[in-house]
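# Fold and contact review
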Amino acid sequence: MKAKERMAIARQMPVEMTPQERVKNFDEIVEGYSESTAILEAERCLQCKKPTCIKGCPIHNNIPGFIALLREKKFEDAYWELRKTTSMPAICSRVCPHEFQCEGSCIRGKGKGQSVAIGMLERFLVDWMVSNKKALHTECALPGDKKVAIIGSGPAGMTVAYWLSHKGIPCTIFESLPVYGGMLTVGIPAFRLPRDIINAEFDALKSCGVTLEHGVVIGKDKTIEDLKAEGYDAIFNGVGAHASRKLGLDDEENTEGVLHGVDYLRRINLGEDLDLGKKVVVVGGGNVAIDVARTALRYGSKDVFILYRRSREEMPASPGEIHHLQEEGVNIEFLAAPVKIHSENGKLTKVECIRMELGEPDDSGRRRPVIQENSNFMIEADSIVPAISQNVDHTADEGIDVDLMSWGTYNTDAQTLQTSIEYMFAGGDNVLGPQTAAKAVFQGKVAAESIELYLQGKNLKEDREFVCDQIDW
Ligand SMILES: Cc1cc2nc3c(=O)[nH]c(=O)nc-3n(C[C@H](O)[C@H](O)[C@H](O)COP(=O)(O)OP(=O)(O)OC[C@H]3O[C@@H](n4cnc5c(N)ncnc54)[C@H](O)[C@@H]3O)c2cc1C
Ligand code: SF4
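To keep things clear, this report deals only with the structure shown in the data block. Every chain's residues receive numbers from 1 upward, in the order its sequence appears when written. Each chain is given a letter, starting from A, and each ligand a number, starting from 1, according to the order in which they appear as written. Where totals are concerned, whole chains, interfaces and linings use all residues; where local detail is concerned, this predicted model gives features only for residues with pLDDT of at least 70, and gives and counts side-chain atom pairs only at 80 or more.

### Considering the overall build of the protein chain
The way it works is that DSSP assigns letters per residue, a run of H or I at least four long becomes a helix, a run of E at least two long becomes a strand, and they are numbered from the N terminus. Secondary structure summary: the protein chain contains 17 helices and 15 strands in total. The reference for a compact globule is 2.2 Å times residues^0.38; the radius of gyration itself is calculated from the C-alpha atoms. In summary, the protein chain has a C-alpha radius of gyration of 23 Å against a globular reference of 23 Å for 473 residues, a match within 12%. With respect to the three principal axes, the spread of C-alpha positions in the protein chain is 65 × 65 × 40 Å. Scored against the burial criterion, the 473 residues of the protein chain give a buried share of 45%. Whether a residue is buried, exposed or partly exposed is read from the other C-beta atoms within 10 Å of its own C-beta, which are placed from the backbone; 20 or more gives buried, 12 or fewer gives exposed, and intermediate counts give partly exposed.

Encoded structure:
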């Protein structure tokens, strides 16, 4: 096919559940591609000589490579091409903010064009492997004599376990919660990431000899020094960022009807039936705010809206998720922020807000919101859910003295992810701040390589395959 013909093929849109239907359940909204649709979409790829998509993918998957195999109907080979670099294609293909990562860098998406649907093609391959009952993992290596403790079962910890177990290094994952998967399980709702997909990853890890222990809070039930004394030769710290950042308003922590974003989602995802009432105000512009609003709708709240202090252009949430949110009937009040919580008998009644306007760009490059004086207005509400980011919870560090950055993330070597404690490596949200699954996966891969070199007594900076190049992100 000539490039002109490829350019003429329109992006293939997946089948989706209607908004009316989907707000009544937690089933997955987007259907995977059929074989013919996947091949047609794969034909859109120009096989660029300098593929910009690879750089945009935090894991650096060989995107044109797997697409070329897919369109030749070599589905199994295409899947294994992906597997060379990624530990969890089933998850990343569903939750990655592709518009900002691989697809955001695809040459076909420049200007008014539409990028190749890289995420949907990746998902097609995993779905094809599952429906054709193919093994999703390669053989594991026989266990050696050094062992590693992994704190936290999110994508960073899962990835370290994946790579190390394939190198014959026995690992145990210690997870404080009763479930595994970190924010994939207790943050992202099931209608975006079905739980059987996450469970399948843990089944595969177990079959590779990884030991899983839940309900163990490192720093309380046992310390990092205890783990060392128990004979673990190295530790990977992947505790993520689970402490909700507060708005800083009076009575924010002791008013009924105020619940913070990831705390709300964690409780819901652990099975609590939490009713936020009829009218819910969610504060924030990222994926957490959007997931809170969409979850509240599914739990019966009728009038849910989001308050965001900047404009649509600055919203960090994935455009696809914003589109789904608005289809489901959630309005976003842009350029507005809460300034006071009003309550009666300790129960929230109203949220006082103020209008903002955009000033000069701040350090993040986004235009800074500036208060419009005397623009206060009131919103009656049953609940307010601030979802304005998370900090790292350092319970795990009890009894140790480890270097931190000024904003509370672990200070690690930029190339190797080694912390100031020689035997401890860290990666994912606890190093980058709240970010994405794919970035946690990539850091997990870097840390796994560092741990392997460390256990072999080798120089961590020489002859590496993976180097932490987060500056590109
Ligand atoms: C609501 C929400 C929506 C999101 N949507 C997306 C999305 O669409 N796309 C995307 O790419 N990313 C998304 N993310 C971000 C993504 O989930 C995270 O970047 C990713 O999970 C970080 O991985 P991690 O392994 O570093 O940490 P986590 O996934 O946070 O895992 C850390 C684990 O460590 C455990 N832990 C913490 N302290 C201890 C301790 N002391 N002892 C033992 N265990 C401990 C925690 O319980 C947790 O299970 C979202 C996040 C949230 C909250
Ligand atoms: S940038 Fe887009 S068109 Fe080019 S190789 Fe990557 S996916 Fe294909």
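Once the structure has been displayed, the description carries forward.
### Description of the site of ligand 1
Residues in contact with ligand 1 amount to 43 residues; listed here are only the nearest, Gly 152, Gly 154, Gly 182, Gly 240 and Gly 428. Those elements giving two or more residues to the shell around ligand 1 turn out to be helix 9 (155-166), strand 2 (171-175), helix 10 (183-186), helix 13 (261-269), helix 14 (287-298), helix 16 (429-432) and helix 17 (437-455). The classification used treats Ala, Val, Leu, Ile, Met, Phe, Trp, Tyr, Cys and Pro as nonpolar, Asp, Glu, Lys and Arg as charged, and all other residues, Gly among them, as polar. Residues of the shell around ligand 1, tallied by class, amount to 21 nonpolar, 18 polar and four charged. Any residue whose C-beta atom, as set from the backbone, lies within 6 Å of a molecule or strand is reported as near that molecule or strand.

### Considerations on the nonpolar core
If you look at the biggest cluster of nonpolar residues, it comprises 128 residues, and the most contacted ones within it are Val 282 and Ala 293. Per-element tally for this core: the top contributor is helix 17, with ten residues. Residues are treated as contacting if the C-beta atoms built from their backbones sit within 7 Å of each other. Look past the residues within four positions of Val 282 in its chain and what remains in contact with it is Ala 289, Val 292, Ala 293, Val 304, Ile 306, Val 385 and Ala 387. In these notes, a nonpolar core means any group of buried Ala, Val, Leu, Ile, Met, Phe, Trp, Tyr and Cys residues linked to one another through C-beta atoms within 7 Å.

### Description of the site of ligand 2
Every one of the 14 residues lining ligand 2 counts as a neighbour, but Cys 45, Cys 48, Cys 53, Pro 64 and Cys 106 are closest to it. Those elements that provide at least two residues to the shell around ligand 2 are helix 4 (52-56) and helix 5 (63-71). For the shell around ligand 2, the residue count by class is eleven nonpolar, two polar and one charged.

### Some remarks on unusual backbone geometry
For Asn 345, which is not a glycine, the phi torsion comes out positive at approximately 50°. Mapped onto the elements, Asn 345 comes out in the loop between strand 9 (336-344) and strand 10 (347-361). The exposure class assigned to Asn 345 is exposed, which follows from the 6 C-beta atoms found within 10 Å. One non-glycine residue, Leu 417, adopts positive backbone phi at about 65°. Mapped onto the elements, Leu 417 comes out in the loop between strand 14 (390-391) and strand 15 (424-426). Here Leu 417 falls in the buried class, since 32 other C-beta atoms lie within 10 Å of it.

### Brief notes about helix 8 (residues 118-131)
Here helix 8 is 14 residues long and its end C-alpha atoms lie 20 Å apart, about the 20 Å a rise of 1.5 Å per residue gives. With ten of its 14 residues buried, helix 8 lies for the most part within the structure. Those residues of helix 8 that are buried lie in contact with helix 3 (35-42), helix 4, helix 5, helix 6 (75-83) and helix 7 (89-95). In the stretch just after helix 8, Lys 133 is the one whose phi turns positive, near 55°. By this rule the span expected of a helix is its residue count minus one, scaled by 1.5 Å.

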